[in-house]
Amino acid sequence: MDRAALAPYIRRITGRPEVEFSVGKMVGDASTREYFRIDLGPDATPKSLVLMKFEAERALASDEAVNAEERIEELPFLTVQRYLSQGGLPVPEVLLADVDHGLVFLEDLGDRLLMDDVLYADDETRHRWYSKAIDLLVRFQDHNMHFGEASGIHRRFDKDLLLWEFEHYLEWGIEALYEVKMTPAERGTCREVFSRICDRLLGFPQMLVHRDFQSRNLMVRDGALALIDFQDTLYGPWPYDLTALLFDSYVVLSETLRDRLIREYVERFEKVCGSGFDLDAFEEQFYLQALQRKTKDAGRFVFIDKVRKNPSFLQYLPDTLGYVKLLLSKVESMAEVWEILGRYEERLRP
């Protein structure tokens, strides 16, 4: 980063004519965004901040092929941050934004992720932290239910997008990974079953979903959790965020703990949101949504490697495929698709 180019922004944020500062690159995510920590020194207010840098010319374009031509009125990160802040949800404050130059300066929430505290922890420690995550998720959902639709957030998980995510796995997790071509008949069978699942998902209650509500996007600060990486928020099937949290590719929970947390989510949602529902019916919806989500994730990790030249997410592919295999066994009418996928991916074979 060019320190001279950053200096005017730092002066505006701090209100001081001259500020000494240093800039360090932070570990990024799977996107094309870059993050930098700007250290302003112990006597400054704030002492540090985070710079999110992105391609300004693509800032208002969708990252998904199915929505490649979609144009957005405002940088989604700013739209969603404002909406969540209105509900008192713990998100980083926007200190200054210059979208035309691909720069957003944010409150520094530190480096400690939920993943850091639970990756090697026992189930009781994990339960304590995941209970906090469920509390935050219910607050997120309650805000949407009672505050109403977010101004400026119009995107939805329609059938095209849900189906595109399913088929993302066929394209990248099978064909690109193994350099093969599925037969038209195999593709057609998978698409027919995936299409029926998408129809069912769209029949569930729809609400605002973070889309990546998981251990790498929850920050630990002063014993509580804060939410980051929310720019892809849209309207979608109700169980979506819970599946992202409890079927996290980065932290694999025991089935016993996952079942316990599902029950706790149901209890807390009923208490906070004042809406009761049947646990068995919800679990069926939960596993159906989880299958769609984790299938997409398996393809995405290969895509990130082959297209963005970032192989770091391939280490999470085996656990993700383990989830897919488990979910194929839990969802009805998947036998034919399961058999087809197993022809190419031995890790999915029954």
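The structure we're discussing is the one just above.
The model shown is predicted, which means the values in this text are computed figures rather than measured ones.

(A) Main features of the side chain of Arg37. By the element assignment, Arg37 lies in strand 2 (residues 34-39). A polar contact is formed between the side chain of Arg37 and the side chain of Asp111, at a distance of 3.0 Å. Arg37 has contacts with Ser22, Val23, Gly24, Met26, Leu49, Asp108, Gly110 and Asp111, leaving out every residue within four places of it along the chain.

(B) The sheet that holds strand 4 (residues 94-98), seen in detail. Read across the sheet, 5 strands follow the order 1-2-3-5-4 without closing on themselves; strand pairing throughout is antiparallel. Every interior strand has two partners, whereas the edge strands, strand 1 (22-25) and strand 4, have only one. Each strand of the sheet is rotated relative to its neighbour by a mean of 20°, with strand direction disregarded. Judged from the 4 bridges that link them, strand 4 and strand 5 (residues 103-107) form a sheet pairing that is antiparallel. Of the residues in strand 5, the one forming a bridge with Asp98 is Leu103. Across the sheet, helix 2 (residues 76-86) is in contact with strand 3 (48-53), strand 4 and strand 5; its angle to strand 4 comes to roughly 155°.

(C) Molecular detail of the pairing of strand 8 (residues 224-227). Note that strand 7 (residues 218-221) and strand 8 share 4 bridges and pair antiparallel. Paired with Val220 across the bridge in strand 8 is Leu225. Hairpin connection from strand 7 to strand 8: 2 residues lie between these consecutive antiparallel strands, with Asp222 at a positive phi of about 55°.

Basis of the calculations
Residues numbered from 1 in each chain as written. Predicted model: local features only at pLDDT ≥ 70, side-chain atom pairs only at ≥ 80, totals over all residues. Heavy atoms only, no water. Helix = DSSP H or I, 4+ residues; strand = E, 2+ residues; numbered from the N terminus. Polar contact = N/O pair within 3.5 Å; in protein donor to acceptor, adjacent residues only side chain to side chain. Contact = heavy atoms within 4.5 Å. Pairing = 2+ DSSP bridges. Axes fitted to C-alpha atoms, helices over the stretch in contact; angles between N-to-C directions.

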